[in-house]
Amino acid sequence: MYVDFHSHILPGADHGSFNIKTSLAQLRYAKAAGVDTIVATPHFYIEEDSVESFLARREESFSFLCENNDSGIEIVKAAEVQLAIGISELPDLSKLCIGDTKYILLEFPPEPWPYWMFDFVTDIIEKRGLSPIIAHIDRYSERGREKLLSLPAKFQMNAESVIGFGKAKRENLSLARKGRIHVLGSDTHGRGESSYSAFSRAVKKIGAPMEQITAISRKILAEGE
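The sections below set out a description of the structure shown in this document. What you are looking at is a predicted structure, and each value in this text was computed from that prediction instead of being measured.

Our focus in this paragraph is the overall build of the chain. Scanning the chain from N- to C-terminus turns up seven helices and nine strands. A globule of 225 residues ought to have a C-alpha radius of gyration of about 17 Å, and the chain, at 16 Å, matches this closely. Reported as C-alpha extents along the three principal axes, the dimensions of the chain are approximately 45 × 40 × 30 Å. In the chain, which comprises 225 residues, the share counted as buried stands at 53%. Put simply, the chain shows about 10,300 Å² of open surface, and 51% of that area lies on carbon and sulfur atoms. Side chains of the chain give 27 positive and 31 negative charges; the mean places of these two sets differ by 8 Å.

Take a look at the structure:
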């Protein structure tokens, strides 16, 4: 069984799933793909939301989904936090971590990145005592990935990024097989069937290294237990 470490499955929490029907369908597709744990990561944008209002919306959505969840899949509360000015100084930043852990899923905005954006990651580690996981590292350019991989962080890859052909797909698969990718995610945004079909295919394509990815995923989540 596997951990989906990046999903937008909470109904109405962001622009992922818009209703409970969609979320329950996503859970069915996830279960069919062999997933037993989903980290729910609705977007958090500091310029659009306060931590207080985000947490209230997430909690309402999470509770509603859990009340209707009969899939047996465990859902873990988290957030996909976009790096922006002020994020490393946010007083309640730790409340956006994954479950009760010190790990936080960080999203870089589209390239190019100003040099000080990397300082934010350093501050989050050194001044806030948190452990970053960089979201969907596959989304960025080759040069961008190289910069991100130099950070003292863990890295998440989207399953669909290793499905198909082409140079980028081969490079993503190589990163996963070499142990540079620590967690795998569907990044589902309401298109559950295709997302989890890709997840299932990615698991098979990655092969034996998927065992290590799964082990790391469970170790991260166990930190909060």
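Here the structure, examined in full by the defined rule, presents ten salt bridges. Lys167 serves as the salt-bridge partner of Glu142, at 3.7 Å between the closest nitrogen and oxygen. Of the two residues, Glu142 sits in helix H4 (residues 142-149) while Lys167 sits in helix H5 (residues 167-177), which places them 25 residues apart along the sequence. Using a relative accessible area of 39% as the deciding quantity, one classes Glu142 as partly exposed. In this structure, a network of salt bridges that share partners links the residues Glu142, Arg145, Lys167 and Glu171.

Taken together, the six strands give an open sheet; going across it, the order is S3-S5-S6-S7-S8-S9, and neighbouring strands pair in parallel fashion. Of all the strands in the sheet, just strand S3 (43-44) and strand S9 (183-185) have a single pairing partner and so form its edges. For strand S5 (residues 80-82) and strand S6 (residues 103-107), the ladder comprises three bridges, and the chain directions are parallel. Paired with Val81 across the two strands is Leu106, which belongs to S6.

Moving on: the packing of aromatic side chains. One pass over the structure, following the stated rule, counts seven aromatic pairs. Ring centres of Phe44 and Phe54 lie 5.5 Å apart, and the angle between their planes is 80°; on these two criteria the pair is classed as edge-to-face. Taken together, the positions of Phe44 in strand S3 and Phe54 in helix H2 (residues 51-68) put the pair ten residues apart, joining distant regions of the chain. The buried category is assigned to Phe44, whose relative accessible area is 1%. Overall, the relative accessible area of 1% leaves Phe54 in the buried class.

Along a regular strand, successive side chains alternate from one face of the sheet to the other. Most of strand S2 (residues 35-40) sits out of view: five of its six residues are buried. Sheet topology places strand S1 (residues 2-7) next to S2; four bridges connect them, and they run parallel. Opposite Val3, over in S2, you have Thr37 as the bridge partner. Once the chain exits S1 it traverses helix H1 (residues 20-32) before rejoining the sheet at S2, and the crossover so formed is right-handed. In this sheet, strand S4 (residues 74-77) lies alongside S2 in parallel orientation, the contact comprising four bridges. Within S4, the residue paired with Ile38 across the bridge is Ile75.

A few words on the packing of H1 against H2. Any two packed helices are characterised by the angle at which their axes cross and by the distance between the axes. Following both chains from N to C, one finds H1 and H2 inclined at 60°, their axes separated by 11 Å at the closest point. As far as their axial angle goes, H2 and H1 are oblique. Crossing handedness for the pair H1 and H2: right-handed. From H1, Ile20, Ser23, Leu24 and Leu27 reach across to H2, where they touch Phe64, Leu65 and Asn68. Tallied by class, the residues present in the contact of H1 with H2 amount to five nonpolar, two polar and no charged.

The rules behind each value
Residues numbered from 1 in each chain as written. Predicted model: local features only at pLDDT ≥ 70, side-chain atom pairs only at ≥ 80, totals over all residues. Heavy atoms only, no water. Helix = DSSP H or I, 4+ residues; strand = E, 2+ residues; numbered from the N terminus. Rg over C-alpha atoms; globule rule 2.2 N^0.38 Å. Buried < 20%, exposed > 50% of the residue type's maximum accessible area, 1.4 Å probe, protein only. Areas by Shrake-Rupley, 256 points an atom, 1.4 Å probe, with all protein chains shown as cover. Lys, Arg positive; Asp, Glu negative; His and termini not counted. Charge placed at Lys NZ, Arg CZ, Asp CG, Glu CD. Salt bridge = Lys/Arg side-chain N within 4 Å of Asp/Glu carboxyl O. Pairing = 2+ DSSP bridges. Phe/Tyr/Trp six-rings, centres within 6.5 Å; stacked < 30°, edge-to-face > 60°. Right-handed = clockwise from strand over helix to strand, strands pointing away. Axes fitted to C-alpha atoms, helices over the stretch in contact; angles between N-to-C directions. Parallel < 35°, antiparallel > 145°, perpendicular 65-115°, else oblique. Left-handed = near helix turned anticlockwise from the far one by under 90°. Contact = heavy atoms within 4.5 Å. Nonpolar A, V, L, I, M, F, W, Y, C, P; charged D, E, K, R; others polar.

Any functional reading would require information that these geometric values do not contain.
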